[in-house]
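Next come the chains, spelled out residue by residue.
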Amino acid sequence: MKLVILYGGVRKKNTYKLVETLKEELLACGPVEFSEIRAHDLPLPYCNSCYSCFFEGESDCPHAEILKPVLEEIIGSDGVIMASPVYSLQISAALKNIIDHLSFVVHRPVMANKKGVAISSTAGAGHKKATSYMKEILHLWGMDKVYSLPVRVAAHELEIGKGLQKKIKRIAGRLYDDIAGRKMYNPSLKNLFYFSIWKAVAEMGKEEGTVDYIYWRDRGWLKEDYFHPIGFPKNKIGRLVYKMTGFGMRKKG
Ligand SMILES: Cc1cc2nc3c(=O)[nH]c(=O)nc-3n(C[C@H](O)[C@H](O)[C@H](O)COP(=O)(O)O)c2cc1C
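**Structural notes on the sheet that holds strand β3 (residues 79-85)**
Right, on to step 1. Ordered by their spatial adjacency, five strands build an open sheet running β2-β1-β3-β4-β5, and the pairing between neighbours is parallel. A strand with exactly one partner marks an edge of an open sheet, and here the two such strands are β2 (33-38) and β5 (145-152). This sheet shows a mean twist of 15 degrees between the axes of neighbouring strands, independent of strand direction.
Right, on to step 2. With six bridges connecting them, strand β1 (residues 2-7) and β2 associate as parallel partners. The residue of β2 that forms the bridge with Leu-3 is Phe-34.

What follows is the structure in structure tokens.
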């Protein structure tokens, strides 16, 4: 089992302690290989909004050489642990910069059916907002299950008490079992909407042969209701959303 840590902090303190504790608890479940990408160590300029990744493909990004190893690590993993301290009520700018560069992954979800954890620590506020943001991004990357660990530290330095340790142990156990057992989760309505909308967007590019269309076609998803089989009524809801999105886009031209 291979997990990537996408780390948005500078210090190896509170947030890192949470990540390290999760790693220890995961290793107590069985063998896990970790790799770590520290956002602040990447010499990544800001996204310059050229749209190349969306329309030509990610290898046309002017920063592709820096992003390639990051993307390869993510794609080659069974899941992502995304972690950031709260800076001004949100994740750090360095982590956001990576997420911005990977915006095309929302169109071409490279993490379909994979699992994730969103971790954030704060002194007082913003931890829930930050984890909820990371969770949504990981779902948009295709994940069907993302656990959250928002932690308010209050004191300057985090002490992992019994309750927090238990919570981390529970997340580790579930994550490990999900991946080891290849568990597939029934999508939430929100995730089903995401799938159906992006499927309709990909389908719209059929004539032109867009990168999104080719990506979805090659994975067989254009014929599916979700990344893995789902039953009634979600299959019907997904088809309806797909049809309405396609109709809306054609009407708009
Ligand atoms: C630049 C900066 C901005 C911060 N903004 C907030 C904030 O908006 N709300 C808050 O409660 N804590 C804020 N904090 C405190 C950190 O979120 C908190 O101490 C966190 O646990 C630090 O994590 P770390 O030890 O992994 O760096 C901020 C800290 C820094 C350095």
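Still more ground to cover, so stick around.
**Digging into the domain arrangement of the chain**
Right, on to step 1. The domain architecture assigned to the chain consists of domain 1 (2-180) and domain 2 (189-252).
Right, on to step 2. Domain 1 and domain 2 are separated by 26 Å when their C-alpha centres are compared.
Right, on to step 3. Across the boundary between the two partners, domain 1 contributes 10 residues, which contact nine residues of domain 2.
Right, on to step 4. Residue composition of the side of domain 1 that touches domain 2, by class: two nonpolar, five polar and three charged.

Conventions used here
- Residues numbered from 1 in each chain as written.
- Predicted model: local features only at pLDDT ≥ 70, side-chain atom pairs only at ≥ 80, totals over all residues.
- Pairing = 2+ DSSP bridges.
- Helix = DSSP H or I, 4+ residues; strand = E, 2+ residues; numbered from the N terminus.
- Axes fitted to C-alpha atoms, helices over the stretch in contact; angles between N-to-C directions.
- Domains from an automatic or database assignment.
- Contact = placed C-beta atoms within 7 Å.
- Nonpolar A, V, L, I, M, F, W, Y, C, P; charged D, E, K, R; others polar.

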